[in-house]
Amino acid sequence: MSEYFSLSDSDVIGFDLDHTLCRYHLKETSRLIYESFARYLVEHKGYDKDLLNLTPATWDFCFKGLVVDLEDGNLVKLAEDGTVLRATHGTNDLSTEDIIKHYGPKREWKHFNSLNTSFTRSAKYYFYDNYFDLPGALLCGRVVDMLRKRGNEVNSDFWKDMVAAIDHNYNTSAFKEDAGTYFPSVKRDPGRYLQPCSDSVKAWLRSMKTAGKVLLLITSSHSDYCRLICEHILGKDFEELFDVIITNALKPGFFSLVPQQRPFRTLVNDVEESEGLPSLDKPGWYSQGNWPHLHELVKTMTGKPDPKVVYFGDSMRSDMFPASSFGKWETVMIVEEMEGEGVPKSDAAMSNEAQVEPLEKKGKFEGMKSPSDVSKQWGSYFVDVHRSGGGDEESQKLTWCCHSIHKYSTMAIPSVEHIADLPLDYKFPRFSPDKPCTTGYYPRPPDSLLKRCESLS
C-alpha cells in the first residue's frame, strides 16, 4: 500500500452528514441536547429539577471518548491498552489510589477487549463517541451524583431512563410530530445550531462530480431532518450534489453482513415503503439499506469490478470502524479535537463562523468550554500521563481513542474545510504502524502528540 493517499485515486466518495459535512455551533447544540435529555428526566421520570441548572464551568466535564461503566456509575478514560488513565464516580474525580482500588494494580478495565474488538453497545457500558450523545455523559455524571446525594444505590437502572430520554428526543417520528425538545428547536431556528458550508466546500463537492466521482451521502438521520440540514448548509439544490442519498442508514448496522443486513426502502413523503427492495438498480434517495447492495450499485455506476471508496465520518463506532473493517473502504476521520490542540481553523470556517455568529451567543456562553476543546478534568483527547500507585509520573500513553483513529482511519482532519481548497490529486501522508504516530493528521498533528514525540526522541 502506498504511504500516500489521494482523493483522485478513489472512484466513490461518501460522506456522513452530522459533524462531517455539517458543522454545528457546538456550544449551542450541546446545551440544547443536554436540556432535551434532562427535561425528559425531570418531566417524565420525576428526577430533581436541579439537573436543568448548569454553570459554564460544568461543561469542562463534557469530553468525547469517555466510557460509562453502568454497573457502578464510574466514567473512565482509557489508554490504548485498556488501562484506566482517569476516572470519575459521577462527576467527581477518583484518585490514583481509588482507581487502583476499583481496577486493580494494573488499572485494567474488564470490558476493554469486548469494546476494543467490536465497538458494540452493551448492557454493562456505554461509549460516548459523537457530539450527539456527548452531553449525555455530563447528564449521566450528574444523575449519579444526585443518586449518591439521596443515598440511593447506583446501578444500571438509571440507564434505562437515559435511553428513554434519548429515544424520546431522537426517534424517527420525533421530527414530524414536533416531539421532544431537540427537533422543534432546530426547526424553529436552524441558523442558531447549524453552520452553512463554505463556498469552497460546495465547489469542492461539485469538482468531484465533474471529475467523474460517484458521491454518496449516508446518514443515520431520518429523511426529514436530513433535508432540513442539507437545505440550510448546502442550499435548496443539495440533491444535485449527490448520486445516492441514504437516510435512516442505522449505522453501524448498515455495514453488517448477511444475515443481519436490512433491505433498502424507497420513501414517499418521508415515509418508508413497507416493502424492502431486493437490490438497488439506480441512483436516488433511499432509506435504511446495507453496503453489499450499495457496493453492487456502485460497481455498475463506475463500471469497475472493485471500485475504490473513501468515506468521511466523525464517529469511530458508526463510521470508521465498520467502513474500514467490513466495507474495506478508505476512511477520513473528522476530529474537531485537533482544533482544540493548536491546529488553526481553516480560513473558510473562520469567515463562515463570523458571518453566522448568533448575537446573543457571547454573553450566554461566556466561560463555557466547547466540547472539542481540551478539558481540565479529563486532559487531552489524544495523549495522557499514566501514573503509578506512588503518584510518580510513569509514562505518556496514547489514549484508546487516538490509537483507534490510527488503526481504522486512513487520515484525520479537523473539518472538510481544511482540504476543500486543495487539488483532488493532493497526496496526504496516511496513518501507518511503521510511521511516527504524528503521520496521518492534516494540516498538522495535535500539540499533545507532537510533545509526546519530542519527549520520546
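See the structure above.
Residues numbered from 1 in each chain as written. Predicted model: local features only at pLDDT ≥ 70, side-chain atom pairs only at ≥ 80, totals over all residues. Heavy atoms only, no water.

### Considerations on the overall build of the protein chain
Formally: For helices the rule is a DSSP run of H or I covering at least 4 residues; for strands it is a run of E covering at least 2, with both sets numbered from the N terminus onward. Radius of gyration here is computed from C-alpha atoms only, and the compact-globule reference equals 2.2 Å multiplied by the residue count raised to the power 0.38. Remark: exposure states derive from per-residue accessible area (1.4 Å probe, protein chains only) relative to the maximum for the residue type, with buried under 20%, exposed over 50%, and partly exposed in between. Note on contacts: a residue pair is in contact if any heavy atoms of the two residues lie within 4.5 Å. All accessible areas in this document rest on Shrake-Rupley with a 1.4 Å probe, and a residue is counted as covered only by the protein chains that are shown. Positive: Lys, Arg. Negative: Asp, Glu. His and the chain ends are not part of the count. For this purpose, a charge sits on NZ of Lys, CZ of Arg, CG of Asp or CD of Glu.
Tallying secondary structure elements over the protein chain gives 16 helices and 21 strands in all. Its C-alpha atoms give the protein chain a radius of gyration of 22 Å, near enough to 23 Å, the size a compact globule of 457 residues would have. Overall size of the protein chain, expressed as C-alpha extent along the three principal axes, is 60 × 55 × 50 Å. Considering the protein chain as a whole, with its 457 residues, one finds that 58% of them fall into the buried category. Counting only contacts in the protein chain whose residues sit at least 6 apart along the sequence, the fraction spanning at least 24 positions is 72%. As displayed, the protein chain has an accessible area near 19,100 Å², and 49% of this comes from carbon and sulfur atoms. Put simply, the protein chain has 54 plus and 67 minus side-chain charges, and the middle of one group is 1 Å from the middle of the other.

### Comments concerning the pattern of salt bridges
We count it as follows: We define a salt bridge as a side-chain nitrogen of Lys or Arg found within 4 Å of a carboxyl oxygen belonging to Asp or Glu.
One pass over the full model with this rule turns up 24 salt bridges. The closest approach of N and O atoms between R192 and E28, which form a salt bridge, is 2.8 Å. With R192 in helix α8 (residues 190-193) and E28 in helix α1 (residues 26-45), the pair connects residues that are 164 residues apart, well separated along the chain. Among the residues examined, R192 registers a relative accessible area of 21% and is labelled partly exposed. The exposure class of E28 is buried, given its relative accessible area of 2%. Measuring nitrogen to oxygen at the nearest pair gives 3.0 Å for the salt bridge that ties R430 to E330. With R430 in the loop between β21 (428-429) and α16 (447-456) and E330 in strand β17 (residues 330-334), this pair connects stretches of sequence that are 100 residues apart. Taking relative accessible area as the criterion, R430 reaches 9% and is therefore assigned buried. A network of salt bridges, in which partner residues are shared, links D16, K251 and D319.

### What about the sheet that holds strand β8 (residues 125-127)?
For clarity, the threshold we go by: Between any two strands, pairing holds if DSSP finds at least two bridges. Axis definition: a line fit to C-alpha positions, over the contact stretch in the case of helices; interaxial angles, taken between N-to-C directions, run 0 to 180 degrees.
Strands sit in the order β7-β6-β5-β4-β8 across an open sheet of 5 strands; the sheet is antiparallel. The sheet is open, and its two borders are formed by β7 (92-93) and β8, each paired with just one other strand. Those strands touched by helix α4 (residues 135-149) are β4 (67-69), β5 (74-78), β6 (84-89) and β7, and its axis lies near 50° from that of β6.

### Let's talk about the nonpolar core
Stated formally: What is meant by a nonpolar core is a set of buried Ala, Val, Leu, Ile, Met, Phe, Trp, Tyr and Cys residues, joined one to another through side-chain atoms within 4.5 Å.
Residues F15, W204 and F312 are the most contacted members of the largest nonpolar core, which totals 122 residues. Top element by residues in this core is α1. It accounts for 9 residues. Ignoring sequence-local partners within four residues, the contact set of F15 consists of L21, W204, L205, M208, L216, L217, I218, F242, Y311, F312 and V416. In this structure, V12, I246, F264 and V309 belong to the second largest nonpolar core, which totals 20 residues.

### A look at the side chain of S287
Selection rule: Polar contact is the term for a pair of N or O atoms within 3.5 Å; when the atoms are in protein, one must be able to donate a hydrogen and the other to accept it, and sequence-neighboring residues count only if both atoms are side-chain atoms.
For S287, the location among the structural elements is in strand β15 (residues 284-288). Exposure remark for S287: the relative accessible area of 0% places this residue in the buried category. A polar atom in the side chain of S287 sits 2.6 Å from the side chain of E272. Those residues in contact with S287 that lie beyond four places of it in its chain are T247, N248, P263, F264, R265, L267 and E272.

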